[in-house]
Structures are given as C-alpha cells and as structure tokens.
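Residue-level structure breakdown
If you want the building blocks of each chain, they are given just below.
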Amino acid sequence: MTAMDPDTTTERPARSWYKRNEIAVTPWLFLAPAILFFLFYVLWPIYQSFVVSFYAWDGLGEATYVGMSNYVELMDDSAFEVSLWNNLKWLLFYLLAIPGGLFIALFLNQTVTGIRIYKSLFFFPFVLSQVVVGLVFSWFYLPNEGLLNNILGFFGVDAINVLGDPTLATYGIIAAGLWPQTAYCMILYLTGLNAVDPEQIEAGRLDNAKGWKMLWYIIIPQLKPATFIAFVVTIIGALRSFDLISIMTNGGPFGQTRVLSFYMFEKALSEYGFRMGYGAAIAVVLFLIMLVFITYFLWSMWSEERRR
C-alpha cells in the first residue's frame with residue numbers, strides 16, 4: 001500500500017455563514033440603508049398618520065382618543081367637499097400633460113436645424129421652481145396689467161380676473177401647473193423614443209403604415225413604460241398639489257381653490273389650525289386615493305408582464 005499524501009487528509013477550515021451566503025446576502029447589504037430610510041421616513045410616518053387620525057390633538061398637549069369622530073366630521077365638512085372636488089378637477093385636467101408631452105416629444109425627436117434650441121425652450125419649465133411658476137402666472141393673470149388681459153383686449157374681449165373669480169381660479173392654477181408637468185412628460189417620452197426599435201418602424205413603413213397608424217400601432221405600444229411612469233407621476237402631482245395654490249391664491253377666493261393637501265395644512269399647521277388629528281384624517285383620505293390609482297397601475301403593468 002502506498003502512503004497517503006498528507007495534503008489530502010487535511011480538512012478545509014469551515015467557511016463562515018457570510019462566505020457561504022455571500023451572493024445572496026451582499027445585495028441586501030447594499031439595499032439596507034435605503035430600506036431603513038424608507039421604513040423610518042415613509043412607512044413609519046404613514047402609520048403615525050393613521051394612528052393620530054383617531055385622536056384629538058393640538059400637537060403639544062395630551063392626545064384624546066376620539067375614534068372615528070374626525071372621519072365622521074369630514075362627511076359634513078363643506079370645505080372638505082370643495083377640496084375633494086378640486087382634487088378631482090386637478091386629476092382630470094392634469095392628465096392632459098401626458099398627450100401634450102407625447103406630441104411635443106414627437107416634434108422634438110427630429111433632426112432639423114435648431115432642434116436643440118427648441119428642446120431647451122420646452123425643457124426650461126421643468127427646471128423652474130413651483131414658486132417661480134406661481135409668481136409668473138400670477139403676473140400673467142393680473143386683471144389690468146397682465147399679459148392675458150392685454151391679449152384679450154387686443155381682440156376686443158373684456159378683461160377677466162382669473163384668480164379673483166371663484167369659478168375660474170382653480171382652472172387658472174391648473175393651467176399654471178400643466179406648464180412644467182407637460183415638460184416633465186415630454187422628457188419621459190423623449191427618453192422612451194430613443195428606445196423605439198427602428199426595425200419595427202421600417203417594417204411598418206413596408207406595410208404602408210403612416211401617420212396616425214404608425215403612431216398608434218407601432219410607436220405608442222413601445223412607449224408603455226414611459227406612459228406608465230408619466231401616469232403615476234402626473235396623478236401623484238395632481239393629488240399632492242400645494243405650492244401653486246399657496247403662492248397664487250392661498251386657497252381663495254372664499255376657499256374655492258383649496259385641495260386636500262392645502263386643507264390639511266390649514267387644519268393641522270396654519271395659524272387657525274393645530275387640529276393634528278383632523279389634519280391626519282384628511283391626509284389618510286388623500287393617501288388612500290393615491291393608493292387606489294397607484295395600485296391599479298401597478299396591477300395593470302404586472303398583468304401585462306404576465307401575458308408576455
């Protein structure tokens with residue numbers, strides 16, 4: 001019998017648990033800081049809002065449990081009803097930014113002289129602060145000196161006080177918000193157009209697909225990821241609108257331009273508020289509305305992926 005090689009009888013040292021699971025564990029270590037931030041700065045505040053909504057609390061003293069009283073009060077609150085309807089108006093008209101951004105992106109996705117200048121001009125509203133946008137449109141809507149009424153006067157139309165009219169003020173603010181939101185959707189679609197398969201375009205041309213047929217059957221189906229992001233961002237932007245209302249009308253005239261986020265601020269944090277529980281109840285309603293839309297779009301995208 002030959003002697004056994006001593007190296008073959010030496011046992012390998014046991015590897016640590018991390019070494020044995022390194023491939024599975026390492027990604028979670030990189031994700032851990034983001035997950036912790038998400039838990040403490042997103043999920044935990046959402047949970048606290050739900051809890052506080054069942055209390056009467058001024059933010060400083062002792063909280064008193066009132067159950068569903070804050071939600072029952074919302075049902076008879078006319079200001080809450082106005083805010084809710086205004087949010088629905090924002091949601092409906094804000095969606096115009098999506099087709100608007102698409103058609104501007106199609107126009108800018110060309111190789112013509114000066115196209116970079118046009119892109120910069122259309123991109124410009126996106127980099128502006130909402131405060132600046134609000135101030136610009138406030139000057140634009142001025143009853144006498146504003147550019148809008150000067151244009152109307154040129155065509156013989158009487159001047160209108162957009163921000164002073166309870167029936168027009170909300171639509172005037174929405175128009176101001178559409179300016180940067182359309183620019184954002186345009187950026188999303190420009191990015192999506194760069195990923196459109198040129199072979200499908202050529203195949204469509206061979207099949208005599210032109211104009212609207214080319215757009216509807218070949219280009220738009222390839223822009224579904226960009227459309228999904230545009231829908232989600234636009235809906236969230238419409239439901240959480242606050243800056244423009246605060247700058248342009250501060251909720252007026254007569255409280256007719258309030259939305260849920262602004263009314264929540266008035267009730268919870270403004271000079272005449274400090275009803276934290278009631279404000280939290282408004283925040284919960286707004287969160288649930290957002291959740292319905294986002295869940296629907298996520299489910300639609302998941303169903304679309306499953307069918308592939």
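Scroll up to find the structure this text is about.
Remember, predicted model here, so these are calculated numbers, not experimental data. (Residues numbered from 1 in each chain as written. Predicted model: local features only at pLDDT ≥ 70, side-chain atom pairs only at ≥ 80, totals over all residues. Heavy atoms only, no water.)

Observations regarding the pattern of salt bridges
Close approach of charged atoms allows side chains of opposite charge to pair. Note the threshold: Any Lys or Arg side-chain nitrogen found within 4 Å of a carboxyl oxygen on Asp or Glu counts as a salt bridge. Here a strand is any run of E in DSSP of at least two residues, a helix any run of H or I of at least four, and the numbering for each starts at the N terminus.
Inspection of every chain in the model, using the stated rule, returns three salt bridges. Two residues, glutamate 202 and arginine 205, come together in a salt bridge whose shortest N-O distance is 3.2 Å. Of the two residues, glutamate 202 and arginine 205 both sit in helix α11 (residues 198–206), three residues apart, roughly one turn of that helix. Residues glutamate 266 and arginine 258 are paired through a salt bridge, measuring 2.5 Å at the closest nitrogen-oxygen approach.

Some details on the nonpolar core
Counted only if it meets this: Nonpolar cores were defined as sets of buried Ala, Val, Leu, Ile, Met, Phe, Trp, Tyr and Cys residues, with membership established by side-chain atoms within 4.5 Å. Only protein chains enter the accessibility calculation, which uses a 1.4 Å probe; a residue is then buried when its area is under 20% of its type maximum, exposed when over 50%, and partly exposed in between. The contact criterion used throughout is that any non-hydrogen atoms of two residues lie within 4.5 Å.
In this structure, Leu74, Trp90 and Met248 are the most contacted members of the largest nonpolar core, which totals 61 residues. Top element by residues in this core is helix α10 (residues 169–194). It accounts for 10 residues. For methionine 248, the residues in contact, after removing those within four places along its chain, are Gly134, Phe137, Ser138, Tyr141, Leu163, Gly172, Ile173 and Ala176.

With respect to unusual backbone geometry
Following glycine 252, the chain continues into proline 253 via a peptide bond in cis, with omega recorded as -5°. One can find proline 253 in the loop between α14 (243–248) and α15 (260–268). One non-glycine residue, phenylalanine 254, lies in the positive phi region at around 60°. With respect to the helices and strands, the residue phenylalanine 254 is situated in the loop between α14 and α15.

Details of the packing of helix α7 (residues 115–127) against α10
The criterion, for reference: Orientation is described by lines fitted to C-alpha atoms, with helices fitted over the stretch in contact, and by angles between N-to-C directions that extend from 0 to 180 degrees. Two helices cross in a left-handed way if the nearer one is turned anticlockwise from the farther one by less than a right angle. They cross in a right-handed way if the turn is clockwise. The classification used treats Ala, Val, Leu, Ile, Met, Phe, Trp, Tyr, Cys and Pro as nonpolar, Asp, Glu, Lys and Arg as charged, and all other residues, Gly among them, as polar.
The interhelical angle for the contact between α7 and α10, taken along N-to-C directions, is 120°, at an axis separation of 7 Å. Judged by the sense of rotation from one axis to the other, the crossing of α7 with α10 is left-handed. The segment α7 lies against α10, with Phe122, Phe123, Pro125 and Phe126 engaging Trp179, Pro180, Ala183, Tyr184, Met186 and Ile187. Looking at the contact of α7 with α10 residue by residue, the classes come out as 10 nonpolar, no polar and no charged.

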